[in-house]
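Below, each chain spelled out in residue letters.
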Amino acid sequence: MAWQGSPPLEDHPRADHAREPGGAERWVPALVITTSLFFLWGMANNLNDILIAQFKKAFTLSDFGTSFVQQVFYLGYFVFAIPASFVLRRFGYKAAIVTGLSLYGLGALLFYPAAAISAYQLFLFALFVIAAGLAFLETSANPLMTELGDPATATRRLNWAQAANPFGAITGILIGRNFILSGIEHDEATLAGMNAAARAAFYRNEVQAVATPYLAIAAIVLLFACAAALTAFPRTTAVRDVPEDAKTQRFADLLRHPRLIGAVIAQFFYVGAQVGLWSYTIRYAQGALGWNERQGADMLFVSLLLFAGGRFVGTTLMTWIAPARLLAIFAGVSALLAATAALVGGTIGLYALVAASFFMSIQFPTIFALGVETLGPLRRLGSSLIIMAIIGGAVLTGVIGFVSDRAGIAAAMLVPAACFLVVLTYAVRARVRA
């Protein structure tokens, strides 16, 4: 099916909007809401890392079984990235953002019936709905931040906006650690010694612990949806008003942009590495060091603090170091740290795994910005392809879980190490073409 190309950049503050009443100040509320979206999806993404530990205990799952949390979640991104691009192109930023927030809220509400009947499959469906909403939000927010401003500083601007993401991630981990993880962990012998009623009550309490936090999240997200519906966003030029050369653009036109195709591949492997590392940090602490789930969650919290710090440091460094060069450096260090976690293990391995988060910090937005940098009016279509690459979080998390079940959690860290080498290769090639 041939897709029509995106309309030109929606009037932006440096051009037509600057001449409208209120000028660029008119779009401040829209930009505040857009920046908040990075926080909201960071919270949803990293709550999954807590859910993996919780569901492993509550439903007695293998590592591969828990990977379905991320597989289903990132499948939602993959399935809805192109529909989100269509809604964005046809109806504009507001429609896409309100749709995304509404789906996010609906998915969070579904946690209540899933907990009530203790159905893992319904939890997975709820996560799929949340991810569908996040696909709309990411497809909208990322290109909006690159379009509204000087193209020469688009990468830095997107990185600054993405700085809200790790704060959302940290909030998600804190919610999960304090309101979902009970700290009660029974070994097989203890569980076997319980009577059937006590054992069923333990599992039921662990499952129901996730319901209240997600109901609170649903209320907050739906309030944001109402606020977005009442906020002015840059308008989208109707398809009939698009110049004739833009109307003929299709997804096939993107194949003529090798930097974009490279970005899609790099993003697939980067997201797989990031999701895999964070999904199994708690599991690594338990398996390699014998720590409990809350101690593991504390290390995940430290990982996200480093991730947030790395975002600010990395974005500042881009003032002096070209984005592609910095991406190459950070990806190379990430690969070394993940390999250390795999080959050394123990306390050193865990610390290496945690330290890798600092160097993961700039990789997603930098790959994204480099990929769409030269696309012009194809920017939104290209953005949807990069968002589709988030399916790497599903595929590679499953691979890590599969390897962990057979060779151990430490050896499974070789998978993200290899993924970072793919990102390094892309960064080097992008720098050569710059």
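Residues numbered from 1 in each chain as written. Predicted model: local features only at pLDDT ≥ 70, side-chain atom pairs only at ≥ 80, totals over all residues. Heavy atoms only, no water.

(A) Molecular detail of the overall build of the protein chain. Helix and strand counts for the protein chain stand at 22 helices and zero strands. Here the protein chain, with 434 residues, has 56% of them falling under the buried criterion. Counted over contacts in the protein chain with a minimum sequence separation of 6, partners at least 24 positions apart contribute 84%. Looking at the protein chain as shown, the accessible area adds up to about 16,300 Å², and 67% of this sits on carbon and sulfur atoms. (Helix = DSSP H or I, 4+ residues; strand = E, 2+ residues; numbered from the N terminus. Buried < 20%, exposed > 50% of the residue type's maximum accessible area, 1.4 Å probe, protein only. Contact = heavy atoms within 4.5 Å. Areas by Shrake-Rupley, 256 points an atom, 1.4 Å probe, with all protein chains shown as cover.)

(B) How the structure looks around helix 2 (residues 28-58). Between its first and last C-alpha, helix 2 extends 44 Å over 31 residues, near the 45 Å set by a 1.5 Å rise per residue. When the local axis directions of helix 2 are compared, the greatest deviation, roughly 30 degrees, occurs at Ile50. Counted residue by residue, helix 2 has 23 buried out of 31 residues, so it is predominantly covered. Two residues or fewer past helix 2, Thr60 is found with a positive phi of approximately 50 degrees. (Expected span 1.5 Å × (residues − 1). Bend = angle between axes of the 7 residues up to and from the residue.)

(C) Up close: the packing of aromatic side chains. Applying the stated rule across the entire model yields 21 aromatic pairs. Ring geometry for Tyr270 versus Phe420: centroids 6.5 Å apart, planes at 55 degrees, classification tilted. Of this pair, Tyr270 sits in helix 14 (residues 258-279) while Phe420 sits in helix 22 (residues 414-433), and the two are 150 residues apart along the sequence. Like Phe420, Tyr270 is buried. Measuring from ring centre to ring centre gives 5.0 Å for Trp278 and Phe307, while their planes differ by 80 degrees; the resulting arrangement is edge-to-face. Taken together, the positions of Trp278 in helix 14 and Phe307 in helix 16 (residues 293-317) put the pair 29 residues apart, joining distant regions of the chain. Members of the aromatic cluster, each reached through a chain of ring pairs, are Phe55, Phe59, Phe111, Tyr120, Phe123 and Tyr214. (Phe/Tyr/Trp six-rings, centres within 6.5 Å; stacked < 30°, edge-to-face > 60°.)

(D) Up close: helix 17 (residues 323-343). The end-to-end C-alpha separation of helix 17 is 30 Å, in line with the 30 Å expected for 21 residues at 1.5 Å each. Within the span of helix 17, buried status applies to Ala324, Leu326, Leu327, Ala328, Phe330, Ala331, Ser334, Ala335, Leu337, Ala338, Ala341 and Ala342. Just past helix 17, the residue Gly345 takes up positive phi, approximately 70 degrees.

(E) Structural view of the pattern of salt bridges. The full count for this structure, using the stated rule, is five salt bridges. Of the charged contacts, one joins Lys57 and Glu206 as a salt bridge, the two residues approaching to 3.0 Å between their closest N and O atoms. Here Glu206 lies in helix 11 (residues 196-208) and Lys57 lies in helix 2, a separation of 149 residues in the sequence. Assigned by exposure class, Lys57 and Glu206 land together as buried. Through salt bridges with shared partners, a single network forms among Lys56, Asp63 and Arg283. (Salt bridge = Lys/Arg side-chain N within 4 Å of Asp/Glu carboxyl O.)

(F) Structural context of unusual backbone geometry. For Thr60, which is not glycine, the phi torsion reads 50 degrees and is therefore positive. Position of Thr60 among the secondary structure elements: in the loop between helix 2 and helix 3 (63-66). What makes Thr60 exposed here is its relative accessible area of 52%. Positive phi is not limited to glycine here, since Ser118 has a value of about 50 degrees. With respect to the helices and strands, the residue Ser118 is situated in the loop between helix 6 (111-116) and helix 7 (120-147). We classify Ser118 as partly exposed; its relative accessible area is 32%.

(G) The arrangement of the nonpolar core in detail. Of all hydrophobic cores here, the largest spans 131 residues; its most connected members are Tyr104 and Met413. Other than its neighbours up to four places away in sequence, Tyr104 contacts Leu40, Met43, Ala44, Ile130, Gly133, Leu134, Leu137, Ile217 and Val221. (Core = buried A, V, L, I, M, F, W, Y, C linked by side-chain atoms within 4.5 Å.)

(H) Looking closely at a nonpolar patch on the surface. Residues Leu109, Tyr112, Leu215 and Leu222 make up a contiguous nonpolar surface patch of about 330 Å² in total accessible area. Along the chain, Leu222 falls in helix 12 (residues 211-229). Owing to a relative accessible area of 30%, Leu222 belongs among the partly exposed residues under this scheme. (Patch = residues over 30% accessible without salt bridge, like charges linked within 9 Å, V, L, I, M, F, W, Y side chains within 5 Å.)

(I) A look at the packing of helix 2 against helix 5 (residues 93-109). In contact at an axis separation of 12 Å, helix 2 and helix 5 are set at 25 degrees when each is read in the N-to-C sense. If you check the angle between helix 2 and helix 5, you find them roughly parallel. Our pair here, helix 2 against helix 5, has a crossing hand that is left-handed. Two secondary-structure elements touch here, helix 2 through Thr34, Leu37, Leu40, Met43 and Ala44 and helix 5 through Ile97, Leu101 and Tyr104. When the residues that make up the contact of helix 2 with helix 5 are grouped by side-chain class, the tally is seven nonpolar, one polar and no charged. (Axes fitted to C-alpha atoms, helices over the stretch in contact; angles between N-to-C directions. Parallel < 35°, antiparallel > 145°, perpendicular 65-115°, else oblique. Left-handed = near helix turned anticlockwise from the far one by under 90°. Nonpolar A, V, L, I, M, F, W, Y, C, P; charged D, E, K, R; others polar.)

(J) Local environment of the environment of His186. Its place among the elements puts His186 in the loop between helix 9 (164-179) and helix 10 (188-193). Judged by relative accessible area, which is 31%, His186 ranks as partly exposed. Taking the C-alpha atoms as reference points, His186 and Lys57, 129 residues apart in sequence, are found 8.8 Å from one another. Not counting chain neighbours up to four residues away, the residues in contact with His186 comprise Leu191, Met194 and Phe202.

(K) Inspection of the environment of Tyr77 at higher detail. With respect to the element layout, Tyr77 can be found in helix 4 (residues 68-91). What makes Tyr77 buried here is its relative accessible area of 0%. Along the primary structure Tyr77 and Glu138 are separated by 61 residues, whereas in three dimensions their C-alpha atoms are 9.2 Å apart. Residues within four places of Tyr77 in sequence aside, it is in contact with Asn45, Ala131, Leu134, Ala135, Glu138, Ile387 and Ile390. In this structure the side chain of Tyr77 is engaged in a polar contact, spanning 2.7 Å, whose partner is the side chain of Glu138. (Polar contact = N/O pair within 3.5 Å; in protein donor to acceptor, adjacent residues only side chain to side chain.)

Geometric values such as these leave the question of function open.
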